[in-house]
Amino acid sequence: MNDLGRILLAEDDPNDVELTLTALAQNRLANEVVVARDGAEALEFLQGRGRFAGRSGEQPAVVLLDIKMPKVDGLEVLRRIRQDPKLRAIPVVMLTSSREEKDVVESYHLGVNAYVVKPVDFREFIDAVKTLGLFWGVLNQPPPGSVRRAP
Amino acid sequence: MTEARPCRPRGTVLDLTTPRAIFLNGPCGACSFRGEGLNIATPSPSVRSPAWRKGSTRRLGVAAAIAGGLFCAVGLVVQARWHTRDISTSLARPALAAGAGRSAAGWILAGGVLLALAAGRASRTGRTIETSKRQAERPARSEGALKEEKQLLQSILDSMSDGVVAANLQGEFILFNPAAEAIVGLGPGGKGPQEWTERYGVYLPDATTPYPPERLPLARAIRGESVDGDIQFLRHAGAPDGVWLRVSARPIRDEDGALRGGVVVFSDMSERRRAEQRINDLNQALRHRGEELEATNKELETFSYSVSHDLRAPLRHISGFVDLLRQRSGEAVDDTSRHYLHTLAESARRMGALIDDLLVFSRMGRSAMRIVRVDLGALVEDVRRELQHDSRGRTIEWRIAPLPPVEGDPAMLRLVLANLLSNAVKYTRPRDPARIEIGAETRNGDTVVCVRDNGVGFDMEYKDKLFGVFQRLHSTEQFEGTGIGLANVRRIVRRHGGRTWAEGEVDRGAAFYFSLPRCKEDPT
């Protein structure tokens, strides 16, 4: 197996965080997950500001973004990532409850790499998270500058 | 109309008793109008009317002649009898409104009728009298023609629905036709323009500001101005509800161009105005409704968004943690606990399905439709192939008749067929063989599609419930489902302008129909 890329999970719901981390852990993909509790924190992490000031310069191999979050929502985070020359290459995946067409359309319009609706059924949810973690964290070759650690 | 030559006004018509009307005359005739007492006319030499001489006619009527594209005309009423002597005396009276000019003519185009009014006066009173006398004494040359012309003009003035009012330079009314009186609700009166606004209750279009007397169309016409399409509002004791008028005015000039007076023509716009008001009100209401609808739609969108996002999340959590609990407790859990956990997970899953269905249903109602020609036969084939998975191991006889092309949204129509066909497959489960027929026919120009099966059917007593949201006639144990399918069918078909209905009998199968409006063009 390849090295595991760092995953930034932007998710405001603690239950979802727990379930996602559990799903990743069950597939041994959780050793390098950073959790941001809203969009603003996700941006702070990516830009090395706020409580992430002075963190190591490497970027995550993928950002998993919830859409509906306090302060800065997922679509806005995506927009700012794509507008920032230093961040624009980072793969971003929407991981959301919303099936709304306008969310899907806008996400792709803003340049999202994938859009995944969280399945209600937990087994399906675990499968989805596992697939995402494996693909983006392991299989996909991220842009230079992102972190890879042995799992 | 025996005289076809162009003519100019020559005579004078004066109402000597009341300043009601003065009239004109041309070579064809002349008369005054509606005086209470003596009305006098001094016809030109070409005018002859025995009535004038005899003084026995109550009304001479209106005479008009239009010849070679020119007009000369005049209308009048001569009331009561009169004698030559009376004429003289009367004429002698007020140097009459007459002035120095010789004649004036005005015309009005109203209601599609060219009404020519000519007012003329002798330049000297004396001469007028003389002329009048002489002329009055002279036998008429063409009495019949003149009479006819007068009657014509009079009929026009009397019968036209537009009001016609003329005044001389002093602001004395010289013409006030019946329509004018009927519309205004008051006859002639008032001493000149300064009193008109008050007497007739004239207001600006705001219906509250009194009309400035000097700006009244007739007053302006008397000053030589023309006015077109002025809107004014009249309200007085005789017309308490008010009258809306559309007014045009022209100055009256004599043949030398000297100002003689003015004439206004007006129509009653009240009905139109009220109709416009009604339309405005309706438009306003419609706009309001539109805004409300838009707001409601927005709300609905927000609502479905929050349903989509916020309601689903806790369900996912329930299902997730139940699953984790199951994994964690493993074999240590007894059967009852396992049953509880299973029920929890199953309920969460079912609620998830309900939410999804509700969202689809909501989307079907508001998403934009893409109307194209749709091959129903191909859609049916497509859907049937998809259903094969659900019907594996069963014997189903499909009888699919040729289906006509229709116009509609392909994705939505596909959902209609998917619902009807999957229902047919589902509710024929106890049958072996199951039989599902799909056919179409044209009724009153609409395409009616029927999906019939030999399944468990339904009680017609509940047919109204079939197409309701989350309405079911079977328990989930008997036949799975959320009860949204037929509600979607109905909503989609309705959005296409069609109808849905069903026939059935318990244990003897069911038939579901939907109609779609006819295709606009034939396939080529």
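Analysis parameters
Every residue gets a number counted from 1 within its own chain, in the order that chain's sequence is written. Chain letters and ligand numbers both follow the written order, the letters beginning at A and the numbers at 1. Local features are withheld for residues below a pLDDT of 70 in this predicted model, meaning they are given only at 70 or higher, and side-chain atom pairs are given and counted only at 80 or more; totals for whole chains, interfaces and linings count all residues. By convention in this description, side-chain values take in all heavy atoms of the structure and omit both hydrogens and water. The pairing test for Phe, Tyr and Trp rings, Trp by its six-membered ring, is centres within 6.5 Å, and the orientation test on the planes gives stacked under 30 degrees, edge-to-face over 60, and tilted for anything in between. A run of DSSP states H or I qualifies as a helix once it reaches four residues; a run of E qualifies as a strand once it reaches two. Both are numbered from the N-terminal end. In this scheme, Lys NZ or Arg CZ marks a charge over a ring once it lies within 6 Å of the ring centre and within 35 degrees of the ring normal. Accessible area is worked out with a 1.4 Å probe on protein chains only. A residue is then buried under 20% of its type maximum, exposed over 50%, and partly exposed in between. Two strands are said to pair when DSSP picks up at least two bridges between them. The term salt bridge refers to a side-chain nitrogen of Lys or Arg lying within 4 Å of a carboxyl oxygen of Asp or Glu. Residues count as neighbours in contact if any of their non-hydrogen atoms are within 4.5 Å of one another. Once two parts are joined, some of their accessible surface, as seen by a 1.4 Å probe, is lost; buried area is that loss totalled over both. Two N or O atoms form a polar contact when they lie within 3.5 Å of each other; inside protein one atom must be a possible hydrogen donor and the other a possible acceptor, and for residues adjacent in sequence the pair counts only when both atoms belong to side chains. For the purposes of this section, nonpolar cores are sets of buried Ala, Val, Leu, Ile, Met, Phe, Trp, Tyr and Cys residues that join through side-chain atoms within 4.5 Å. Site definitions follow a grid-based scheme: protein atoms alone, a 1 Å grid, a 1.4 Å probe that fits but cannot get out for cavities, and for pockets an open set with protein on both sides within 12 Å along at least five of seven lines, plus lining residues having an atom within 4 Å of a point. Grid points are joined across faces, edges and corners, and a volume is the space filled by probe spheres set on the points. Residue polarity follows a fixed list, in which Ala, Val, Leu, Ile, Met, Phe, Trp, Tyr, Cys and Pro are nonpolar, Asp, Glu, Lys and Arg are charged, and the others, Gly among them, are polar.

Some words on the packing of aromatic side chains
Residue and element names in this part refer to chain B.
- Counting across every chain of the model gives 13 aromatic pairs over all chains.
- An angle of 75° between the planes, with centres 6.3 Å apart, marks the rings of phenylalanine 467 and phenylalanine 512 as edge-to-face. Taken as a pair, phenylalanine 467 in the loop between helix 12 (463–466) and helix 13 (485–495) and phenylalanine 512 in strand 20 (residues 510–516) lie far apart in primary sequence, 45 residues in all.
- Each member of the aromatic cluster is reached from another via a ring pair, and the members are Phe173, Phe176, Trp196 and Tyr200.
- In this arrangement the basic side chain of arginine 491 is found over the ring face of phenylalanine 361, its NZ or CZ atom lying 3.9 Å from the centre.
- Sitting above the plane of the tryptophan 501 ring, arginine 499 keeps its charged end 4.4 Å from the centroid.

Observations regarding the pairing of strand 13 (residues 259–268) of chain B
All names here are of chain B.
- With seven of 10 residues buried, strand 13 is to be regarded as a mostly interior element.
- In this structure, strand 8 (residues 163–168) lies alongside strand 13, joined through six bridges in antiparallel fashion. From the neighbouring strand, alanine 167 faces strand 13, where its bridge partner is glycine 262.
- Relative to strand 13, strand 12 (residues 239–254) is paired through nine bridges, and the arrangement is antiparallel. Of the residues in strand 13, the one forming a bridge with serine 248 is valine 265.
- Connecting strand 12 to the antiparallel partner strand 13 that follows it, the hairpin turn spans four residues, and glycine 257 within it adopts a positive phi of roughly 90°.

Quick word on the pattern of salt bridges
All names here are of chain B.
- Applying the stated criterion across every chain, the model contains 32 salt bridges over all chains.
- Taking the shortest distance from any N to any O, the salt bridge between glutamate 225 and arginine 220 comes out at 2.8 Å.
- By relative accessible area, which is 30% here, glutamate 225 ends up partly exposed.

Describing the interface of chain B and chain A
- Facing 22 residues of chain B, the contacting portion of chain A comprises 25 residues.
- Roughly 2,100 Å² of surface becomes buried between chain B and chain A when both sides are summed, with 52% attributable to carbon and sulfur atoms.
- Where chain B packs against chain A, one counts two salt bridges.
- Arginine 123 of chain A is the salt-bridge partner of aspartate 323 of chain B, the closest N and O atoms lying 3.5 Å from each other.
- For the pair chain B and chain A, the interface holds seven residue pairs in polar contact (both at pLDDT 80 or more).
- Where the side of chain B that touches chain A is concerned, the elements lending two or more residues are helix 8 (270–329) and helix 9 (335–366) of chain B.
- It is helix 8 of chain B that provides the largest number of residues to the side of chain B that touches chain A, a total of 18 residues.

With respect to the nonpolar core
All names here are of chain B.
- Ranked by size, the top nonpolar core spans 35 residues in total, and within it Leu420, Leu421, Phe512 and Phe514 carry the most contacts.
- Breaking this core down by element, the ones donating at least two residues are helix 10 (376–387), helix 11 (410–427), strand 17 (434–443), strand 18 (446–453), helix 13 and strand 20.
- In this view, phenylalanine 512 contacts Leu420, Val449, Cys450, Val451, Phe458, Leu466, Phe467, Leu486, Trp501 and Ala502; residues no more than four positions away in its chain are not counted.
- Ranked by size, the runner-up nonpolar core spans 26 residues in total, among them Leu216, Ala219, Val247 and Ala249.

Describing unusual backbone geometry
- Residue aspartate 432 of chain B is joined to proline 433 of chain B through a cis peptide bond whose omega torsion reads 5°.
- Relative to the elements of secondary structure, proline 433 of chain B occurs in the loop between helix 11 and strand 17.
- A positive phi angle is found at lysine 71 of chain A, which is not glycine, with a value near 65°.
- Within the fold, lysine 71 of chain A resides in the loop between strand 4 (62–65) and helix 3 (74–83).
- Owing to a relative accessible area of 72%, lysine 71 of chain A belongs among the exposed residues under this scheme.
- Here the phi dihedral of alanine 207 of chain B falls at roughly 65°; this positive angle occurs in a residue that is not glycine.
- Assignment of secondary structure puts alanine 207 of chain B in the loop between strand 10 (202–203) and helix 7 (217–222).
- The class for alanine 207 of chain B is buried, based on a relative accessible area of 16%.

Some words on the layout of surface pockets
All names here are of chain B.
- In this structure, the largest pocket encloses a volume near 990 Å³.
- Around the largest pocket, the lining is made up of 41 residues, and of these Asn423, Lys426, Glu480, Gly481 and Thr482 lie nearest the centre.
- Elements with a minimum of two residues in the lining of the largest pocket: helix 9, helix 11, helix 12, helix 13 and strand 20.
- Counted by class, the lining of the largest pocket contains 15 nonpolar, 14 polar and 12 charged residues.

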